[in-house]
Number of protein chains: 2
Amino acid sequence: MYNFADRMKNVKASDVREILKVTARPEIISFAGGLPAPELFPIEPIREASDAVLRESGRVALQYGPTEGLPRLREQIAERMLKKNAIHTDIDHIIMTAGSQQGLDYCGMLFLNPGDAVVMESPSYLGAINAFNLYQPSFLEVPTDENGMIMEELDKTLTENKNVKLIYVIPDFQNPSGRTWPLERRKQFMEIVNRHDVYVIEDNPYGELRYKGEYLPALKSMDTEGRVIYLGTFSKILAPGYRLAWICADKALIEKFALIAQAAVLQTATISMMVVSKFLDTNDLDAHVDIIRETYKHRCDVMLDAMDKYFPPEAKYTRPDGGLFTWVELPDYIDTKAMAPQALDKLVAYVPGEGFFPNGGNKHCMRLNYSCMPDERIIEGIQRLAEVIKANLK
Amino acid sequence: MYNFADRMKNVKASDVREILKVTARPEIISFAGGLPAPELFPIEPIREASDAVLRESGRVALQYGPTEGLPRLREQIAERMLKKNAIHTDIDHIIMTAGSQQGLDYCGMLFLNPGDAVVMESPSYLGAINAFNLYQPSFLEVPTDENGMIMEELDKTLTENKNVKLIYVIPDFQNPSGRTWPLERRKQFMEIVNRHDVYVIEDNPYGELRYKGEYLPALKSMDTEGRVIYLGTFSKILAPGYRLAWICADKALIEKFALIAQAAVLQTATISMMVVSKFLDTNDLDAHVDIIRETYKHRCDVMLDAMDKYFPPEAKYTRPDGGLFTWVELPDYIDTKAMAPQALDKLVAYVPGEGFFPNGGNKHCMRLNYSCMPDERIIEGIQRLAEVIKANLK
């Protein structure tokens, strides 16, 4: 009966969103999501900002607005990117999007013909794989180690494949692995992509959520050729409920993204932009991010301590310096997707790792999130999960 | 340097959005936009709803939410569709979108391979042409008369063209023509599309804004085969600033749209949905729509009276029963795009008609909007425009 477009053959339900439906049951301890801690949302200051916007500028806030987004908010973002990411930019290089997910969709729309290759870290963010899948690319995975993407492997991949249109990377506290690229790798990366003349998407939702070590400059701050498309978002430093994020890129690219936005959605919500802009003008977001960082650092430590104590030695896991996730590798005969129902029986949930590999495989991995629950639930959940893992060891 | 996807060749700036940039100058009387009257926005009730949501449910409102959208809001929409459009539906047949523009994008994404045909009224909404253009279709235009699409012509088009994937129509107060299909044509239409087994997008942003005559049932209410994809929106009955709209369609289609939404944007903004839902629970939207209808009816009458008085007899225009637009046809030797700068010199703006024809041509038409300015500006603007038109007559 239905005769859908060919691209729909590639599209499947996101493992994470599907698991989130199950884990809405309160008795389940879920490490599956990637939700910010809701008890930290600055609700009262946001309410005051919202109230002020509607009192002072209701007619503007509720009306259509410019495709690229509110100029004042883009100014504030440019200031923040300089302060936090050492990126010198301005409002002509920024367009607002409804979450960074929309930024990924726009990149796929702008660059990808069917069969074009996208290079990714192995593993990488499954939401990015989903977004690009609508545009029917092939995926090339670059192996990673504890310091992220291995640059010699990237160079080799780009030398051997001439159909690469985009490289998608998360250098800071990667989703799902929690790994961060050191400065030297960032420099190597820029040298390699400049030499091979390819475009880069730098997805940086977690960069400000560093618990230890020094902040490292964004790839975009080292980009001398306008080839890095930087995705920033308010979802993890303020709240995801407004769906407010941005693309910072070369002006010629922003103009193209604006054409896509006109066609696909007209604009990002005026009132959301005005409320967040007002919040930024009247509050100290840095102080708020400090609270988030302290809380997540603590929860990360609680989870790692519990894993150290309860997990069998066969389980290997990353020790992130920031962000929301740790990544677990089990013996390769364990299939974490097959094991997930056993975990749900024990009232604990995780995301099986396979979905984070665009070409599949690696069934022995899982992603765990620690950002949005109290200590005792983390410890209890890790204990339960440890039992499930042990029962699956040979 | 850049190597964009092939689809970008089709994409050009929206005439309307480009003109809106120029017409931000306050001295220009602009009939070019399609903006709701901002002085009618129920700002204080929205402020109260927003305040209540953040006080009562801030943690939920600022967090991620379900892909399909807030269940309570989809219930309210289903109730409203029954009351206003005689459509029996429920929340499993509704997914929220960021404006109906996003619904159009999702339809293109779901159905269109390059070269597939989309059938449209001639003229039709240029934003829909833009949205579909990203998916590289061909367009087939069906001629219209004062009662909208001519059904014999539609039947002929579908008989002669076997590659039609979608028919896009606006049966109520069409953008740009202001025309409405009578009941008999709606019945004929459903018979024809059932016989040819094609899918239909019914875009209905203006249906509630009827000034005269009887409400007519939506195509979706006559759809016995699940082939009508209905697009509804809060933009014209409440406010566009939240970017809140919805798709109502067959359940199998909603599941596909949810997959696209997961990949393209994750979800519509949680807080926006909660605020509008709260507004609907605590206010009488019908009473508000009555105020909008009275105001727009009056402004429409003022514009038509002024056109009757000042326009030369060579100018023909529609007399809409609702909506936001009237459509002007000038002698066919006049090119309204070439004439637009002369109008801007006289400080009056309109949208040239050609952009509303997917295959171009028809340079002698223009769209005029009357919804968002006081009487004296409408009269003054029509006088100025009449002068410009007269100066271009042979």
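For the structure, check the block above.
Scope of this entry: the structure provided in the associated data block. (Residues numbered from 1 in each chain as written. Chains lettered and ligands numbered in written order. Predicted model: local features only at pLDDT ≥ 70, side-chain atom pairs only at ≥ 80, totals over all residues. Heavy atoms only, no water.)

Turning our eyes to something else, we now look at unusual backbone geometry. Cis geometry is adopted by the peptide bond preceding Pro-123 of chain A, which originates at Ser-122 of chain A and carries an omega value of 5°. Positionally, Pro-123 of chain A belongs in the loop between strand 3 (117–122) and helix 5 (126–133). Although it is not a glycine, Gln-136 of chain B adopts a positive phi angle of roughly 55°. Examined against the element boundaries, Gln-136 of chain B turns out to sit in the loop between helix 5 (126–133) and strand 4 (138–145). Positive phi values are uncommon outside glycine, yet Leu-266 of chain B reaches one of about 70°. (Helix = DSSP H or I, 4+ residues; strand = E, 2+ residues; numbered from the N terminus.)

With that settled, consider the pattern of salt bridges. All names here are of chain A. In this structure the tally under the stated criterion is 54 salt bridges over all chains. A salt bridge links Arg-25 to Glu-27; its shortest N-O distance comes to 3.0 Å. A relative accessible area of 40% means that Arg-25 is categorised as partly exposed. Of the residues examined, Glu-27 reaches a relative accessible area of 38% and is grouped as partly exposed. (Salt bridge = Lys/Arg side-chain N within 4 Å of Asp/Glu carboxyl O. Buried < 20%, exposed > 50% of the residue type's maximum accessible area, 1.4 Å probe, protein only.)

It is worth spelling out the packing of helix 4 (residues 99–111) of chain B against helix 5 of chain B at this point. All names here are of chain B. One can describe the packing of helix 4 onto helix 5 by two numbers: an axis separation of 8 Å at closest approach and a directional angle of 40°. As for the relative orientation of helix 4 and helix 5, their crossing is right-handed in sense. Judged by residue contacts, Gln-101, Leu-104, Asp-105 and Gly-108 of helix 4 engage Gly-127, Ala-128, Ala-131 and Phe-132 from helix 5. For the contact of helix 4 with helix 5, the class distribution of residues is four nonpolar, three polar and one charged. (Axes fitted to C-alpha atoms, helices over the stretch in contact; angles between N-to-C directions. Left-handed = near helix turned anticlockwise from the far one by under 90°. Contact = heavy atoms within 4.5 Å. Nonpolar A, V, L, I, M, F, W, Y, C, P; charged D, E, K, R; others polar.)

What follows is about the pairing of strand 9 (residues 245–248) of chain B. All names here are of chain B. Residues Ala-245 and Ile-247 line one face of strand 9 and the alternating positions Trp-246 and Cys-248 line the opposite face, and both faces are buried. For strand 2 (residues 94–97) and strand 9, the ladder comprises four bridges, and the chain directions are antiparallel. Counterpart to Met-96 in the pairing with strand 9 is Trp-246. (Pairing = 2+ DSSP bridges.)

Every contact between the two is made by 80 residues of chain B and, on the other side, 80 residues of chain A. Interface area for chain B against chain A, summed over the two sides, is near 7,000 Å², with a carbon-plus-sulfur share of 59%. At the surface where chain B touches chain A, the tally comes to two salt bridges. Arg-47 of chain A is paired through a salt bridge with Asp-51 of chain B; the nearest N and O atoms lie 2.5 Å apart. The interface formed by chain B and chain A contains 27 residue pairs in polar contact (both at pLDDT 80 or more). Listing elements by their share of the side of chain B that touches chain A, those giving two or more residues are helix 1 (15–22), helix 2 (43–61), helix 4, helix 5, helix 8 (251–264) and helix 9 (270–282) of chain B. (Buried area = accessible area lost by both parts, 1.4 Å probe. Polar contact = N/O pair within 3.5 Å; in protein donor to acceptor, adjacent residues only side chain to side chain.)

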